[in-house]
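Examining the three-dimensional arrangement
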Amino acid sequence: MGVNMENAGYDKQLRQLEQIAPAGYVLGLHIRYNSATLMFRTYPEEWMNVYTQNGYMMTDPLVAWGVANQGCARWSALGVPDPNDVLKKAREFDLNYGVAVSCGLESSRTIGGFAREDREFTDQEIQDIHDIVLHMHGETAPAVKLTQTQIDALRLMASGSTTAQAAADLGISERALKNRLKTASERLLTRSTAETIQIATEYKLL
């Protein structure tokens with residue numbers, strides 16, 4: 001999903017990223033089930049067309065590294081297989097040097113790739129990119145609210161209680177407790193109680 005950068009409300013941060021990564025970048029915020037909540041792209045359109053038409057995302061070493069790691073790494077030091085030579089082909093579009101950035105839980109990961117034509121990124125530039133991405137990741141957490149009963153149920157489960165113990169502590173049936181956990185999961189678009197607790201914690205809902 002693409003977003004009009006001029007209307008997205010992040011003009012200052014995006015301009016900073018453009019200055020640091022003049023050859024372009026792609027940044028996916030809160031990627032869940034292979035779809036980003038927000039996506040920003042300034043890579044050359046020709047490269048994006050080639051990338052999409054060839055399905056490079058499935059074998060892109062930047063994506064693979066971002067899914068498996070958090071932090072920053074220069075493209076030249078990713079240490080991830082590149083069976084389709086995605087990085088080599090990117091250089092045909094002047095994306096010669098780059099850095100990958102990843103942050104957030106696996107279930108709501110933010111991943112970005114940033115490029116220069118002329119040289120490797122300096123350590124300070126990489127730190128600046130990471131700080132901007134981390135800030136945007138925090139600022140763009142989905143605006144979701146849980147009821148107090150859902151929060152109470154999740155807190156007890158997070159503390160290590162069994163469903164029977166949590167239900168007894170709340171003075172409700174196990175069926176009622178499971179319903180609260182289910183509705184919380186539906187609000188946060190998660191697939192398990194453990195994932196719901198992770199997301200709710202990251203969004204500072206607990």
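The structure presented is a predicted model; accordingly, all values stated were derived computationally and were not measured.

Another aspect to go through is the overall build of the chain. Along its length, the chain carries nine helices and five strands. Ordered by position in the sequence, the α and β elements of the chain form the string α-β-β-α-α-β-α-β-β-α-α-α-α-α. Considering only C-alpha atoms, the chain reaches an extent of 65 × 35 × 30 Å along its principal axes. Across the 206 residues that make up the chain, the buried fraction comes to 43%. When the accessible surface of the chain is split by element, carbon and sulfur atoms take 49% of a total near 11,000 Å². A distance of 9 Å separates the average location of the 20 positive side-chain charges in the chain from that of its 25 negative side-chain charges.

Right, let's talk about the nonpolar core for a bit. Counting 20 residues, the largest nonpolar core has Leu17, Leu27, Phe40, Phe114, Phe121, Ile129 and Met136 as its most contacted members. Sorting the residues of this core by element identifies helix H1 (11-20), strand E1 (24-32), strand E2 (35-41), strand E4 (97-103) and helix H5 (123-139) as the ones contributing at least two each.

Glancing now at the sheet that holds E2. Ordered in space as E2-E1-E5-E4-E3, the five strands form an open sheet in which the pairing is antiparallel. In this open sheet, the two edge strands, each paired with only one partner strand, are E2 and strand E3 (71-74). When strand polarity is set aside, the average angle formed by the axes of neighbouring strands in this sheet is 10 degrees. Note that E1 and E2 share six bridges and pair antiparallel.

The end-to-end C-alpha distance of helix H8 (residues 174-188), which contains 15 residues, comes to 21 Å, matching closely the 21 Å that a straight helix rising 1.5 Å per residue would cover. Inspection of H8 places Leu177, Leu181, Ala184, Ser185 and Leu188 among the buried residues, and these make up the whole buried set. Here the buried residues of H8 occupy an arc of 100 degrees about the axis, which is enough to place them on one side. What points out from H8, more than 90 degrees from its buried face, is the exposed set Arg175 and Lys182.

For the rest of this paragraph, the subject is the pattern of salt bridges. Counted by the stated rule, this structure contains five salt bridges. Across the pair aspartate 123 and arginine 74 runs a salt bridge, and its minimum N-O distance is 2.8 Å. Of this pair, aspartate 123 sits in helix H5 while arginine 74 sits in strand E3, and the two are 49 residues apart along the sequence. We classify aspartate 123 as exposed; its relative accessible area is 58%. Ionic pairing is found between aspartate 118 and arginine 116, a salt bridge with its closest N-O pair at 2.9 Å. What makes aspartate 118 partly exposed here is its relative accessible area of 49%. With a relative accessible area of 8%, arginine 116 lands in the buried category.

The subject of this paragraph is the layout of surface pockets. The volume enclosed by the largest pocket comes to roughly 880 Å³. The wall of the largest pocket is formed by 37 residues, among which Ile31, Met39, Tyr51, Met57 and Val63 lie closest to the centre. Elements supplying a minimum of two residues to the lining of the largest pocket: E1, E2, helix H2 (45-53), helix H3 (61-68), helix H4 (86-90) and strand E5 (109-116). When residues of the lining of the largest pocket are assigned to their parent elements, the largest contribution, five residues, is made by E1. Its residues assigned to classes, the lining of the largest pocket comprises 22 nonpolar, eight polar and seven charged.

Remark: helix H6 (residues 148-158) packs on helix H7 (residues 163-170), axes separated minimally by 9 Å, with the N-to-C direction vectors making an angle of 135 degrees. Taken together, H6 and H7 sit at an angle that is classed as oblique. In this structure, the crossing between H6 and H7 has a hand that is right-handed. Facing Asp152, Ala153, Leu156 and Met157 of H6, the residues of H7 in contact are Thr163, Ala166, Asp169 and Leu170. For the contact of H6 with H7, a count of residues per class yields five nonpolar, one polar and two charged.

What counts, and where the lines are drawn
Residues numbered from 1 in each chain as written. Predicted model: local features only at pLDDT ≥ 70, side-chain atom pairs only at ≥ 80, totals over all residues. Heavy atoms only, no water. Helix = DSSP H or I, 4+ residues; strand = E, 2+ residues; numbered from the N terminus. Buried < 20%, exposed > 50% of the residue type's maximum accessible area, 1.4 Å probe, protein only. Areas by Shrake-Rupley, 256 points an atom, 1.4 Å probe, with all protein chains shown as cover. Lys, Arg positive; Asp, Glu negative; His and termini not counted. Charge placed at Lys NZ, Arg CZ, Asp CG, Glu CD. Core = buried A, V, L, I, M, F, W, Y, C linked by side-chain atoms within 4.5 Å. Pairing = 2+ DSSP bridges. Axes fitted to C-alpha atoms, helices over the stretch in contact; angles between N-to-C directions. Expected span 1.5 Å × (residues − 1). Arc of directions from axis to C-beta. Salt bridge = Lys/Arg side-chain N within 4 Å of Asp/Glu carboxyl O. 1 Å grid on protein atoms, 1.4 Å probe; cavity = no way out; pocket = protein on both sides within 12 Å on 5 of 7 lines; lining within 4 Å. Points joined across faces, edges and corners; volume = space filled by probe spheres on them. Nonpolar A, V, L, I, M, F, W, Y, C, P; charged D, E, K, R; others polar. Parallel < 35°, antiparallel > 145°, perpendicular 65-115°, else oblique. Left-handed = near helix turned anticlockwise from the far one by under 90°. Contact = heavy atoms within 4.5 Å.

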